[in-house]
Structures are given as structure tokens and as C-alpha cells.
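Structure at a glance
Each chain is listed here by its residues.
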Amino acid sequence: GYPTFGVRGFTLIGACPLPAFDFKVTAAGRPWFRSKRHDVTVEEVRAIAEGAEWVVIATGWEGQVKVEPAAIQLAGVPVEVLRTGDAFARYRQLRKEGKRVALIAHTTC
């Protein structure tokens, strides 16, 4: 199955909770760890957007992550930038609608 997201500070992949790691999920549902940073670059979004119909970026529970403005302007792919709780809810909603969604998630701050 696809990653699900639960309690603040934990990521559930299948039945395995992982504490406070930043990660990304490809449009095919494959999770990858990402380095713990407070920025998202256009290159990172472009790489994760391949094959996606939608990209969701989670900027932390308090919205502390900065996203390069050019990353939001990717041609042909809607990019949504939301605080982590809202981003996880949006990701789940889009997946339920059958969309191929990629996610970049900052799981703290």
C-alpha cells in the first residue's frame, strides 16, 4: 500500500511508524528519505514531479520550510504548498480521487 500519515512527528509506512524523518513520495507511491532541510528547491520538485499529476509540499507543522517560488510554477503540474497536517490530508484526498500525486514532506517545525 501507499504511505499513510498519522500522529504529529511520526510517519506510518504500512504498519511501521518512523519518527520525524523528512521524506518524499513519488507519484507511483514509492517513499524516499530526504535530508532534513528547511528549503525545497525547484530541482527537487522537478525530480519528484516526474509522472505526477499533482505535487504537494508539506512545509512543517508550523510552516517553517521555504519553497523556491519557481518550484511552484512548474508547467503542467499543479503544486500545492501547505502546512504538514493540511498537506497530508490533501495528499490522501487526491489519492482517493485517483490522482498520481507526489509529496515532499517536512515532518517537524
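The structure we're discussing is the one just above.
Position numbers for residues start from 1 in each chain and track the written sequence from start to end. Where totals are concerned, whole chains, interfaces and linings use all residues; where local detail is concerned, this predicted model gives features only for residues with pLDDT of at least 70, and gives and counts side-chain atom pairs only at 80 or more. To obtain the side-chain values, all non-hydrogen atoms of the structure were included, while hydrogens and water were left out.

1. Overview of the pattern of salt bridges
Salt bridge, as used here, is a side-chain nitrogen of Lys or Arg placed within 4 Å of a carboxyl oxygen of Asp or Glu. Evaluation of the coordinates by the stated rule reveals eight salt bridges. One salt bridge connects R34 with D22, and the closest N-O pair in it is separated by 3.7 Å. You can see R34 sitting in the loop between β5 (31-33) and β6 (39-40) and its partner D22 sitting in the loop between β3 (16-19) and β4 (23-25), a full twelve residues away along the chain. Taking the shortest distance from any N to any O, the salt bridge between R100 and E53 comes out at 3.9 Å. Residue R100 is found in the loop between α3 (84-96) and β10 (101-106), and its partner E53 is found in the loop between α1 (42-49) and β7 (54-59); the two are separated by 47 residues along the sequence. When salt bridges that share partners are traced, they join D22, K24, R34, K36, R37, D39 and E44 into one network. In this description a helix means any DSSP run of H or I spanning at least four residues, a strand means any run of E spanning at least two, and both kinds are numbered starting from the N terminus.

2. A look at the sheet that holds β5
Here a strand pair is declared whenever DSSP counts at least two bridges between the two strands. As summarised here, the arrangement of the five strands in space is β5-β4-β10-β7-β9, forming an open sheet in which the pairing is mixed. On the outer flanks of this sheet lie β5 and β9 (79-82), each paired with one strand and no other. Between one strand axis and the next, the sheet turns through 15 degrees on average, direction left out of account. In this sheet, β10 lies alongside β4 in antiparallel orientation, the contact comprising three bridges. Looking at the pairing, V25 lines up with L103 of β10. By definition, residues are in contact when any of their heavy atoms lie within 4.5 Å. Interaxial angles span 0 to 180 degrees and are taken between N-to-C directions of axes, which are lines fitted to C-alpha atoms, for helices over the stretch in contact. The strands touched by α1 are β4, β7, β9 and β10; relative to β10, the strand with the most contacts, the crossing angle is about 140 degrees. Strand contacts of α3: β4, β7, β9 and β10, with the helix running at about 160 degrees to β7, the strand carrying the most contacts.

3. A closer look at the side chain of E44
Within the element layout of this structure, E44 appears in helix α1. Judged by relative accessible area, E44 falls into the buried class, the value being 8%. If sequence neighbours within four positions are ignored, E44 has contacts with K24, R34, R37, D39 and I104. Exposure is judged per residue with a 1.4 Å probe applied to protein chains only, and the accessible area is read against the type maximum: over 50% gives exposed, under 20% gives buried, and values in between give partly exposed.

The values are spatial; any link to function lies outside them.
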